[in-house]
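If you want the building blocks of each chain, they are given just below.
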Amino acid sequence: MQYGIFTVSDVTTDPTTGRTPDDTERVRNILTIAKHADEAGLDVFATGEHHNPPFVASSPTTMLGYLAGVTKNITLSTATTLITTNDPVRLAEEYAMLQVISDGRMDLMLGRGNTGPVYPWFGQDIRQGVNLAIENYALLRRLWTEDVVDWQGKFRTPLQGFTSTPRPLDGVPPFVWHGSIRSPEIAEQAAYYGDGFLHNNIFWPMEHTKQMVAFYRQRFEHYGHGRADQAIVGLGGQVFVRKDSQKAWDEFRPYFDNAPVYGHGPSMEDFTRETPLTVGSPQQVIDRYAAFREDVGDYQRQLFLVDHAGLPLKTVLEQIDILAEDIVPVLRAEADKHRPEGVPSNPPSHTDLVAKAQAAGEATGLHVVGEDRWTGRRAEDATQDTAETVTR
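Keep in mind that this is a model prediction, so the values were computed, not measured.

> Describe the pairing of strand β8 (residues 176–179), and please don't skip the residues or the numbers.
A two-sided burial pattern is seen for β8, the buried positions comprising Val176 and His178 on one face and Trp177 and Gly179 on the other. Relative to β8, strand β5 (residues 108–111) is paired through 3 bridges, and the arrangement is parallel. Across the sheet, Met109 pairs through a bridge with Trp177, a residue of β8. When β8 meets strand β9 (residues 196–199), the two strands line up parallel, connected through 3 bridges. Residue pairing across strands places His178 opposite Phe197, the latter belonging to β9. The β-α-β motif built from β8, the intervening helix α6 (residues 184–193) and the parallel element β9 has right-handed crossover chirality.

Structure (structure tokens):
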């Protein structure tokens, strides 16, 4: 089971001091946070992608490329890579480059994004969001799995004899997650390809998360990738932890009450009851997050948001230490104890993907022009079939 942290990269005033970091300070603090997470022994650091204030993570590959050179063990990921407004050709090149630089110690999570104005900023129509996600991902896969690509689609100019460079490390693309909060179409897309599905449910009740994950699992099995309980699932989460529960509530309350994302809305009591936000002692976090498997089944990745709402850097680093020392070892042991035989404990690593590709290559050959070597389906067929399925 992987445990890590993700950042939404908000620049928010600290309500206890009135101080607001500038963009440069916030970016450098995020780098410090990621390096500390690696040193503390967490498994994953993930960054979102945003192109509007008050967020600063506009270039995930730049940030993760730097971190690849200054961290040792942690998996570097995106919490959102905008598949709708980024050109698939650039995504293919940039993330293959990151894969090479990090020696395979990375993956990415694709999403449509939740900021409506970003679509026209990058020349797209938000009303085509699902169709963009389907077509762009089909092209992205072809660019990674075929050496020479001819392409004709709806949303970009055609490609003729195009080769994306660099080629993926060891000829194997990075592992891909599809992130969605409320769109079954994206869960369907993840299931079709046998990719991972992460429900970043930080603002949603568990009942909704349960339904989305169950749908993805059912469709994963339908497409023949394995049993439903073998599907690769991740969840989002939020915590604020102190040894003493009341101290945690007292310290975090002003940050919650003034945070732009949920301040001046539901009370912290209501929000912690209805969403995964857990404020309290390490044992309270353990009890709550260990119980998630009862709702969504045994899953492979749990990410926590710990650096938002104006929290000072010192506090964030303390949160990471508490997670790594007091919470994650217990959660991991609990997950391992209950996991059924045959259910993966982690998402596929680069080594796992290479072994799978080699096994497939012994039977069918790795370089099959026009066919996705991981599913045996043509990308054009995948685009059409997925679009038809999710619109029924």
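> Help me get a handle on the sheet that holds strand β10 (residues 233–235), residues and values and all.
In spatial order, the strands read β3-β2-β1-β13-β10-β9-β8-β5-β4; together these 9 strands make up an open sheet with parallel pairing. Of all strands in the sheet, those with a lone pairing partner are β3 (75–78) and β4 (81–82), marking the two edges. Helix α1 (residues 23–40) rests against β1 (2–7) and β2 (44–47) of the sheet, and its axis sits at about 175° to β1.

> An account of the packing of α1 against helix α12 (residues 313–338) is requested, with residue identities and associated values reported.
At a minimum axis separation of 10 Å, α1 and α12 run at an interaxial angle of 20°. Relative to α12, α1 is oriented roughly parallel. Note that α1 runs across α12; the crossing there is right-handed. Along the contact surface, α1 presents Asn29, Thr32, Ile33, His36, Ala37 and Ala40, while α12 presents Leu313, Val316, Leu317, Ile320, Asp321 and Ala324. Looking at the contact of α1 with α12, its residues break down into 8 nonpolar, 3 polar and 1 charged.

> Lay out the pattern of salt bridges with the relevant residues and their values.
Tallying each qualifying case throughout the model produces 22 salt bridges. Between Glu318 and Lys314 there is a salt bridge, and its shortest N-O distance comes to 2.5 Å. In this pair, Glu318 and Lys314 are both assigned in helix α12, 4 residues apart and thus about one turn of the helix distant. A salt bridge links Glu334 to Lys337; its shortest N-O distance comes to 3.0 Å. Here the residue Glu334 and the residue Lys337 both occupy positions in helix α12, the gap between them amounting to 3 residues, near one helical turn. The exposure class of Glu334 is partly exposed, given its relative accessible area of 26%. Given the relative accessible area of 56%, Lys337 is considered exposed. Each member of the salt-bridge network shares a partner with another, and the members are Arg242, Glu251, Lys314 and Glu318.

> Tell me about α12, and please be specific about residues and values.
With 26 residues, α12 extends 36 Å between its outermost C-alpha atoms, agreeing within 8% with the 38 Å of an ideal straight helix rising 1.5 Å per residue. The largest bend along α12 reaches roughly 45° and is located at Ile327, with the proline Pro329 sitting one to four residues downstream. At its buried positions, α12 is contacted by β1, α1, β11 (239–241), α8 (245–258), α10 (282–290) and β13 (301–305).

> Let's hear about the packing of aromatic side chains: which residues, and what values?
This model, assessed by the stated rule, comprises 11 aromatic pairs. Taking the centre distance of 6.1 Å and the plane angle of 70° together, the rings of Phe203 and Phe271 count as edge-to-face. You can see Phe203 sitting in the loop between β9 and α7 (206–222) and its partner Phe271 sitting in helix α9 (residues 268–274), a full 68 residues away along the chain. Since its relative accessible area comes to 38%, Phe203 is described here as partly exposed. Residue classification places Phe271 among the buried residues on the basis of a relative accessible area of 8%. Among the aromatic side chains, those forming a connected cluster through ring pairs are Tyr137, Tyr192, Tyr193 and Tyr223.

> Can you break down the side chain of Thr145 residue by residue, with the values?
Summarising the element assignment, Thr145 is placed in helix α5 (residues 129–145). Only 2.7 Å separates the side chain of Thr145 from the backbone oxygen of Arg141, close enough to count as a polar contact.

> Explain α1 to me, and be specific about the residues and the numbers.
For α1, built from 18 residues, the straight-helix expectation of 26 Å at 1.5 Å per residue is met to within 8% by its first-to-last C-alpha distance of 26 Å. For α1, the set of buried residues is Arg26, Asn29, Ile30, Leu31, Ile33, Ala34, His36, Ala37 and Asp38. Looking at the buried side of α1, the elements it contacts are β1, β2, α2 (60–70) and α12. Its side-chain oxygen at 3.3 Å from the backbone nitrogen of Thr24, Asp22 defines the N-terminal cap of α1.

> How would you sum up the environment of Ser180? Please name residues and give values.
Secondary-structure assignment places Ser180 in the loop between β8 and α6. You can call Ser180 buried: its relative accessible area is 8%. Placed 131 residues apart in sequence, Ser180 and Glu49 show a C-alpha to C-alpha distance of 14 Å. Not counting the four nearest positions on each side in its chain, Ser180 is found in contact with Ile186, Phe197, Leu198, His199, Asn200 and Met212. Within the structure, the side chain of Ser180 is placed 3.0 Å from the backbone nitrogen of Ser183, a separation counted as a polar contact.

Calculation rules
- Residues numbered from 1 in each chain as written.
- Predicted model: local features only at pLDDT ≥ 70, side-chain atom pairs only at ≥ 80, totals over all residues.
- Heavy atoms only, no water.
- Buried < 20%, exposed > 50% of the residue type's maximum accessible area, 1.4 Å probe, protein only.
- Helix = DSSP H or I, 4+ residues; strand = E, 2+ residues; numbered from the N terminus.
- Pairing = 2+ DSSP bridges.
- Right-handed = clockwise from strand over helix to strand, strands pointing away.
- Contact = heavy atoms within 4.5 Å.
- Axes fitted to C-alpha atoms, helices over the stretch in contact; angles between N-to-C directions.
- Parallel < 35°, antiparallel > 145°, perpendicular 65-115°, else oblique.
- Left-handed = near helix turned anticlockwise from the far one by under 90°.
- Nonpolar A, V, L, I, M, F, W, Y, C, P; charged D, E, K, R; others polar.
- Salt bridge = Lys/Arg side-chain N within 4 Å of Asp/Glu carboxyl O.
- Expected span 1.5 Å × (residues − 1).
- Bend = angle between axes of the 7 residues up to and from the residue.
- Phe/Tyr/Trp six-rings, centres within 6.5 Å; stacked < 30°, edge-to-face > 60°.
- Polar contact = N/O pair within 3.5 Å; in protein donor to acceptor, adjacent residues only side chain to side chain.

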